[in-house]
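# Residue-level structure breakdown
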Amino acid sequence: MSAKFNEVMPVNVHALNSKFSHKGNIFFNKKADLIIAKIDNKYACCSISLYGAQVLSYEPQGEENVLWMSKKSFFEYGKAIRGGVPVCFPWFGPHSSDLSKPQHGFARLSKWEPDSVSSLEDGATRLVLKISDNSDTLQLWPYKFEAKVIITVGAKLEIALEVYNKDTKAFEYTDALHSYFNISSAENIHISGLQGAKFHDGLSGDSLKTQEEKLLLFTKEENRRYIGHSSTCVITDKGFKRELIVEKTNSHTTVVWNPWEETTKKISDMEPNGYKSMVCVEAVNAYSDVVKLNPGESFRMSTILSMHKL
Ligand code: TA6
């Protein structure tokens, strides 16, 4: 996959620090070739890769990381980062008609540019990253657009994806904030907030089912795409003695994914046991929940993640 998306960003971390560090508790550094923004404030420590606009970690002060990162993840331009919160846009999953186009769109393979940094009244820190169309994106998706990822690090971690139609024609897209959560063990957790929801089972031919159980437990691979679902999910983790609360706005699809043992073997950037310490609960607009924007319109969806000790 080409790594040329959005070459406009200045790659000099010194320039980024002199422009932005005095505006919040933020510092830019390098991890291999990637530029990482580190936010450290009274609430939490959070690292964000400008490549992909991807939150990599969120550690409320004195607590275990809320987010999971694969020990075998690539941190290389041209390859997706396995963990944290990948941004999927302008399509979720495989491209609908051309499988040679990158899975989950080009946003997670793009270099995002810092737009602003601010300190909020309550002491939270906000970083806004943006991309817009260029010759590479236009080849994959023929529309003029601007997208912003707005990351607010406070008592909660809020990640919003805002997309603007800058074209003269309407466009449609799908998206996701594909959050990977750090858990003590898949067998120690359950997820509430899904009872009664209808889902396509990605593993059994996409037939529509209804979740009868109050709690979703993990004993095997799961890839559930809940449609018409916009409410809060809670991951209860008996091992880490905490709840992870997953709220969202303007997303009516929730995806829950754990690849379990066999599928993990086929994922080159995951350790064989990696599936035991992660679960994805994703805020999505896809399936019956596609976003359509006319010229000049914009749409914002978000996920809001927080932790509660038990
Ligand atoms: O959200 C679940 C999913 O779409 C799964 O089907 C699985 O493929 C996963 O995302 C990870 O995708 P990736 O392209 O990052 O390997």
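This one's a predicted model, so the numbers in the text were calculated from it and none came from an experiment.

Rules used in this analysis
- Residues numbered from 1 in each chain as written.
- Predicted model: local features only at pLDDT ≥ 70, side-chain atom pairs only at ≥ 80, totals over all residues.
- Heavy atoms only, no water.
- Pairing = 2+ DSSP bridges.
- Helix = DSSP H or I, 4+ residues; strand = E, 2+ residues; numbered from the N terminus.
- Axes fitted to C-alpha atoms, helices over the stretch in contact; angles between N-to-C directions.
- Contact = heavy atoms within 4.5 Å.
- Buried < 20%, exposed > 50% of the residue type's maximum accessible area, 1.4 Å probe, protein only.
- Arc of directions from axis to C-beta.
- Polar contact = N/O pair within 3.5 Å; in protein donor to acceptor, adjacent residues only side chain to side chain.
- Core = buried A, V, L, I, M, F, W, Y, C linked by side-chain atoms within 4.5 Å.

## A closer look at the sheet that holds strand S8 (residues 145-153)
- The sheet built from nine strands is open, its strands ordered S6-S7-S8-S9-S23-S19-S18-S13-S16 with antiparallel pairing. What marks the edges here is a single partner per strand, and that holds for strand S6 (113-119) and strand S16 (216-217).
- When strand S13 (residues 189-192) meets S16, the two strands line up antiparallel, connected through two bridges. What sits directly across from Ile-191, in S16, is Leu-216.

## Looking at the sheet that holds strand S2 (residues 34-40)
- The antiparallel open sheet is built from four strands, whose spatial order is S1-S2-S3-S4. Two strands bound the open sheet, and with one partner strand each, they are strand S1 (26-31) and strand S4 (54-60). Averaged over all adjacent pairs, the angle separating strand axes in this sheet is 20°, with direction ignored.
- Pairing between S1 and S2: six bridges, direction antiparallel. Its bridge partner being in S2, Phe-28 is matched across the sheet by Ala-37.
- Each of S1 and S2 touches helix H1 (residues 13-20); the most contacted strand, S1, lies at about 170° to it.

## What to know about H1
- Residues of H1 that are buried include every one of Val-13, Leu-16, Asn-17 and Phe-20, and no others. Taken around the axis of H1, the buried residues stretch over an arc of 100°, which confines them to a single face. Counted as exposed and oriented over 90 degrees from the buried face of H1: His-14, Ser-18 and Lys-19.
- On its buried face, H1 is in contact with S1, S2 and S6.
- N-cap assignment for H1: the residue whose side-chain oxygen lies 2.8 Å from the backbone N of His-14 is Asn-12.

## Focus: the nonpolar core
- Counting 76 residues, the largest nonpolar core has Leu-157, Phe-181, Ile-191 and Ile-235 as its most contacted members.
- Those residues within four positions of Ile-235 in sequence are excluded, and the remaining contacts are Phe-181, Ile-183, Ile-189, His-190, Ile-191, Arg-242, Glu-243, Leu-244, Val-246, Val-279 and Val-281.

## A few points about the side chain of Gln-54
- Along the polypeptide, Gln-54 turns up in strand S4.
- A distance of 2.7 Å separates the side chain of Gln-54 from the backbone oxygen of Gly-83, its partner in a polar contact.
- Apart from the residues within four sequence positions on either side, Gln-54 is in contact with Ser-47, Ile-48, Ser-49, Ile-81, Gly-83, Val-85, Pro-86 and Arg-108.

All quantities given are derived from atomic positions and should not be read as evidence of function.
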